[in-house]
Amino acid sequence: AGLYETQVYKWNAERDQKNAAGQAVPPPVLTDEQVAQKKKEDQATAARIAGQLFALPKQERMLALMKVPVAERIAFVGSVDGDQKRLLMADMTPREREVFYGMAAHIDASGVAVSELQQAKLVRAIQSERQLQEVMTDFWFNHFNIYIYKDQDKIYTPAYERDVIRPHALGKFRELLVATAESPAMMVYLDNYTSIGPNSVANGGNNPNSKRGGRGLNENYAREVMELHTVGVNGGYTQADVTHLAAILTGWGVDHQELGGGFIFNPKAHEPGTKEWFGQTVKEDGMNEGLNALTTLAASPKTAHFISSLIAQRFVADTPPPALVDRMAKTYLSSDGDISAVLRAMVQSPEFNSHRYFRNKVKTPVEFVASTFRSTATDPANPASLVYTIQRMGMPLYQALPPTGYYITAEQWMNTAALVDRLNFAVALTRNGIGGMKFDAPRLVALQLMAQPAPVDAKQGRVVTAASVSTPEARRSGTDVVLGVLESALITGGVSDRTQQFMHQQAEQSQANVGSPTERLNQLTALVLGSPEFQMR
C-alpha cells in the first residue's frame, strides 16, 4: 500500500479504538511529501490502467474498468493523462461517460449537470432540425441572461432554459417576460428574492422599535428589467421609477432555494401602500402589482422598438436599418408582442433580402463551431471537447457574468487572435484532432458533387465533360475543382478573388508536404472553413 492508504488505515484503526471510548478523532492531514507521493502513485496507477484499456476492443473497456478495485478506479479517473482520457472518452457512449465521471471521489453533482447542459446545447445547435427554435432560444437566453455559477443557479439553469426560455422563444413577449421574472434562476441571479418591503410585515412594519428590521429593497432586477429586458436605457424611466418598481416586486421570491424550490409570493414581504411608477398610480394589490407592471412594460412602444432593434441586430446587421426596425416594432404592437410575427415581418422585408446585408454578421464562437459541424455533416460524438473549444474561443457557455450577456457584434469576435483560433480549430477538426471526432472530407466532396447538376454547353446542347473541353487552358486543375466543390458546399455566395488566391497559394506551397489524397482534401477543407467568408453569416 502507498503512503496515503497506510495513513488512512492507521487513522481508521485509531478512530475505531477511540470511538469505542467516546473520543472523537479528526481525519488525517497529509504532509506535502505525502501529498506528492500520493499524486505520483495515482499517476502510475492511471497510466497502468490506461495501457490495459487501450489493449482491449472499445466495447470491452468500460466492463474491464468496472472490475478494477474502487481505489484504483478513483485514482484512474482523477489522474489519467489528458490525451489518454480524451481518446478513451471519444469512444465511450454517453451512458459510459456518465459512469466514468461517477467513478470519481467527491462527485460534484451540480458540476456534472452544468457539463451535460453545455454539451446538450451544442448538440442541439448542430443536429436540431428546428434551427429557428434553437437560434431564438439562444437569443432569448442571452437577452434574459443569468450566470450559471451564481449561488444555486447551477441547479436552476437547466430548467430555466428548458421550461422558461425554450417554450416561449417564438410566442408572446409578455408571457416570456413574466416567465423569466418568476423564474428562481432570475430571482437568484439578480437578487430579487432578497428584496423586502421596508414597511412590510416581514421587515417589522413601520414600528421603529421593531427588532426585525434591517433588510430592504434590492433594486437589481427592477433596474435591469427596464434597462436591458424591456424599454431600454433610453426608455424614459427615472431612478425613482427603479426604486418604486423594486417595491412593487417585493414578495416575489424563491421557496427554499437551498433545496431547489420554486417561485413563491410572500405577501408578508410585500411593500404595502400605493406607489407612483412610470407615470401611473399603482394601487396596493399584492402580486398583481408586479404582473400589471410587467404587462405595462411589455406593451410599451419603447419595448417594441428596443426588442425589434435587438432581433434585427441578431439577424441583419450590427447597426440595423431604422426603417426595418420601425416596421418590426409596428408589427410587435399590432400583434400584441407576437415574436413569430415580428420575425416574419423581418424575413419578408427588402432589407433582410438585400445584397447590402448579405454576409454582414460575424459568427460568434458557438455559431462558428455549430455551422462547421452542420455544413460538413460531422457527427458531434464528443460534445465535451466542443464545450472546451468554445470556452477557449472566449465564449464559455452560460458563463456571461454581466446581465448584458454576450455581445453579438463584430468588434467582439472579429480580430486576428480569433481568426487564428478558428483556423487552428478547422485544421484540427479536419485532422480528426478535436476529441477524436471523425471528419470525412471525401464523403463531403462526394455528396456535394452528386447534388450538383452536370454542366451543359448551351450551344452544343450536351453535357460538358473533361474530354469535350478542346483546349488545356479551358480545363481547371484538380485543386480548382475541389475548392469549387468545397466552397459551394460550405459557403453560400462564393468567396472573394483575394480569398481564392490565398487558398491556392497555401495549397500549392504545402502540396509537397501533404501525403495521401485524403490528407490533401482535409487541408483544402480547412482552408475553406478558415476563410473570412465562412466566419460571416
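Residues numbered from 1 in each chain as written. Predicted model: local features only at pLDDT ≥ 70, side-chain atom pairs only at ≥ 80, totals over all residues. Heavy atoms only, no water.

Draft legend 1. Quick look at the overall build of the chain. The helix and strand tally for the chain stands at 25 helices and 6 strands. Within the chain, contacts between residues at least 6 apart in sequence are counted, and of these 69% link residues at least 24 apart. Carbon and sulfur atoms make up 54% of the accessible area of the chain, which amounts to about 27,500 Å² in all. (Helix = DSSP H or I, 4+ residues; strand = E, 2+ residues; numbered from the N terminus. Contact = heavy atoms within 4.5 Å. Areas by Shrake-Rupley, 256 points an atom, 1.4 Å probe, with all protein chains shown as cover.)

Draft legend 2. Expanded view of unusual backbone geometry. In the Ramachandran plot, Ala377 falls in the positive-phi region, its phi being about 55° despite a non-glycine side chain. With relative accessibility at 46%, the residue Ala377 sits in the partly exposed group. The phi dihedral of Asn432 is positive, around 60°, even though this residue is not glycine. Tracing the sequence through the fold places Asn432 in the loop between α21 (416-430) and α22 (441-451). With a relative accessible area of 34%, Asn432 lands in the partly exposed category. (Buried < 20%, exposed > 50% of the residue type's maximum accessible area, 1.4 Å probe, protein only.)

Draft legend 3. Region of interest: the nonpolar core. In this structure, Trp140, Leu245 and Ile311 are the most contacted members of the largest nonpolar core, which totals 111 residues. In contact with Trp140, other than residues within four places in its own chain, are Ile165, Ala169, Phe173, Leu176, Ile307, Ile311 and Ile339. By size, the runner-up hydrophobic cluster in this structure holds 15 residues, among which are Ile49, Ala50, Met62 and Met92. (Core = buried A, V, L, I, M, F, W, Y, C linked by side-chain atoms within 4.5 Å.)

Draft legend 4. Summary view of the confidence of the model for the chain. Looking at the chain, the pLDDT average stands at 85 and 85% of residues meet or exceed 70. Below pLDDT 50 for its whole length, residues 461-475 participates in 16 contacts with residues either more than four positions away or in separate chains. (pLDDT = per-residue confidence, 0-100.)

Draft legend 5. The side chain of Thr525, seen in detail. Examined against the element boundaries, Thr525 turns out to sit in helix α25 (residues 517-529). Beyond its immediate sequence surroundings of up to four residues, Thr525 is in contact with Thr430, Phe439, Ala441, Leu444, Leu486 and Leu490.

Draft legend 6. Quick look at helix α13 (residues 239-248). Listed as buried for α13 are Asp241, Val242, Leu245, Ala246, Ala247 and Ile248. Tucked inside the fold, the buried residues of α13 contact α12 (220-227), β1 (252-254), β3 (275-277), β4 (280-282) and α14 (287-299).

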